[in-house]
Amino acid sequence: MALLPILRYPDPRLHARARPVESVDDAIRKLVADMAETMYEAPGIGLAATQVNVDKRVVVIDVSEDRSGLMVFVNPEIVEKSGEQTCEEGCLSVPGVYEKVTRAQFVRVRALNGRGEPFELEAEGLLAVCIQHEIDHLDGKVFVEYLSQLKLNRIKSKLAKKSRITA
Ligand code: GNR
Ligand code: NI
């Protein structure tokens, strides 16, 4: 297993739409294992392949308290959604920024698991938020892009200042 470096907003590679996986083979399983290790180490509750500069529609999520609930989504698609909820979100690609975003309360997602088998899952609450946040990454969207232009500009200058200090 290996820890993968995580791209930081506003890296333009975070804005690419990822390609579907054609077959869940050993290379995809290795990617999933490395992404899970990277997510747990960060620590985070989800990670999309886009964030580790891999152009594939692969997501890992674990919203459990004891970090024992790894979920793998290959080629995930939201097939139904309803309701609304507002949650304070963070992102490993936008460190130190936490802002409220309104998304669907319930989602039904269809995907392949780590063995390449299709499954469907109904989710609500934090898991539903995380699924929507990760699929957005695969579509090249970062959560701060839901905020007002004013807030986004403040975030950009804060991140630019921080990267000048750490560079
Ligand atoms: O670790 C994460 N926490 C989180 C909290 C609220 C809403 C979404 C998230 S996902 C984030 C990890 C991440 O950046 N995934 O892309
Ligand atoms: Ni994120």
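Bear in mind that the values here come from a model prediction, so they are computed numbers and not experimental data. (Residues numbered from 1 in each chain as written. Chains lettered and ligands numbered in written order. Predicted model: local features only at pLDDT ≥ 70, side-chain atom pairs only at ≥ 80, totals over all residues. Heavy atoms only, no water.)

**Q** Please explain the overall build of the protein as it appears in this structure.
**A** Tallying secondary structure elements over the protein gives 3 helices and 7 strands in all. Listing the helices and strands of the protein from first to last along the sequence gives α-β-β-β-β-β-β-β-α-α. When its C-alpha atoms are laid out on the principal axes, the protein stretches across 45 × 40 × 30 Å. Among the 167 residues that make up the protein, the fraction classed as buried is 43%. Here the protein contributes 23 positively and 25 negatively charged side chains, and the mean placements of these two sets differ by 8 Å. (Helix = DSSP H or I, 4+ residues; strand = E, 2+ residues; numbered from the N terminus. Buried < 20%, exposed > 50% of the residue type's maximum accessible area, 1.4 Å probe, protein only. Lys, Arg positive; Asp, Glu negative; His and termini not counted. Charge placed at Lys NZ, Arg CZ, Asp CG, Glu CD.)

**Q** Hey, could you run me through helix H2 (residues 125-138) in this one?
**A** Along an α-helix, residues three or four positions apart point the same way, because every turn accommodates 3.6 residues. For H2, spanning 14 residues, the distance from its first C-alpha to its last is 21 Å, which sits close to the expected 20 Å at 1.5 Å a residue. Of all 14 residues in H2, 13 are buried, a share of seventy percent or more. Backbone geometry just downstream of H2 places Gly 140 in the positive-phi region, at approximately 85°. (Expected span 1.5 Å × (residues − 1).)

**Q** Please clarify how unusual backbone geometry should be interpreted in this entry.
**A** Across the chain, the bulk of peptide bonds are trans and the bulk of non-glycine residues have phi less than zero. The omega torsion of the bond from Tyr 9 to Pro 10 falls at 5°, within 30 degrees of zero and hence cis. Relative to the elements of secondary structure, Pro 10 occurs in the segment before helix H1 (26-41). A cis geometry characterises the amide bond from Ala 42 onward to Pro 43, with omega recorded as -10°. Tracing the backbone through its elements, the reader meets Pro 43 in the loop between H1 and strand E1 (46-48). The phi dihedral of Asn 53 falls on the positive side, at around 60°, and the residue is not glycine. With respect to the element layout, Asn 53 can be found in the loop between E1 and strand E2 (58-61).

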